[in-house]
Amino acid sequence: MIISVIIPCYNAELHINKCLESLVRQIKFIQEKIEVLIVNDGSTDLTSEKLLFFNKNFDFIKIINQNNLGVSAARNTGLKLCTGKYVLFLDSDDSYKEEIFKNLISKIDNYDFEVLEFDFVYQKIKDRQHIKENSNPVSGLAYFSSFFSVNSASNKLYKREFLIANKINFNTSLKIGEDLLFNINVFF
């Protein structure tokens, strides 16, 4: 497995279909390289039923059910159980732009890296697209500024071995800012 996509999910019945449909469109042709782990964090709405549909119809989608422990704990659970060389974190109300997996696999085939930042589609605010051009290598303050310009774990591809070796997890005591702290730990 090359890439594991980890999706924490809590009461996501209104938007989980759109998220998973965008993944299915891209992954069904390269499914031997990608797994999707959805951590259902104690949902009480129709999320579980919607997840079962995708799980039954697509072998690369796996569901992990746990009691409601919060988004950070759900991401940590996914990180413990994933098998990919690289890890993506995606929120259940977001999706990646078309051909992101093709582009990421191309980067993986050509470079060795611990973290790769990329463009993604952010759906929480009327399908607003965040465009980030970062094709040129940068270092020092420019790199620091670039790395934290989007306070998200969803626009970075992380090498799983790097996260495990450095004991980098999401802080389960935080309700907001958990992505920022995670990325600060990755950066340092």
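Report on the accompanying structure. As the structure is a prediction and not an experimental result, all values here were calculated from the model.

## Some remarks on the overall build of the chain
Along the chain, the regular secondary structure elements total 7 helices and 8 strands. Expressed as a percentage of its 188 residues, the buried residues of the chain come to 48%. Long-range pairs, those at least 24 residues apart, make up 78% of the contacts in the chain between residues at least 6 apart in sequence. Carbon and sulfur atoms form 52% of the exposed surface of the chain, whose accessible area is close to 9,900 Å².

## Some remarks on the nonpolar core
Grouped together as the largest cluster of nonpolar side chains are 32 residues, with contacts concentrated most on I3, V5, L23, F101 and L157. Those elements giving two or more residues to this core turn out to be β1 (3–9), α1 (16–27), β2 (34–41), α2 (47–57), β4 (86–89) and α4 (100–110). By residue number, the principal contributor to this core is α1, which donates 6 residues. L37, C82, V87 and F89 belong to the second largest nonpolar core, which has 18 residues in total.

Rules behind the numbers
- Residues numbered from 1 in each chain as written.
- Predicted model: local features only at pLDDT ≥ 70, side-chain atom pairs only at ≥ 80, totals over all residues.
- Heavy atoms only, no water.
- Helix = DSSP H or I, 4+ residues; strand = E, 2+ residues; numbered from the N terminus.
- Buried < 20%, exposed > 50% of the residue type's maximum accessible area, 1.4 Å probe, protein only.
- Contact = heavy atoms within 4.5 Å.
- Areas by Shrake-Rupley, 256 points an atom, 1.4 Å probe, with all protein chains shown as cover.
- Core = buried A, V, L, I, M, F, W, Y, C linked by side-chain atoms within 4.5 Å.

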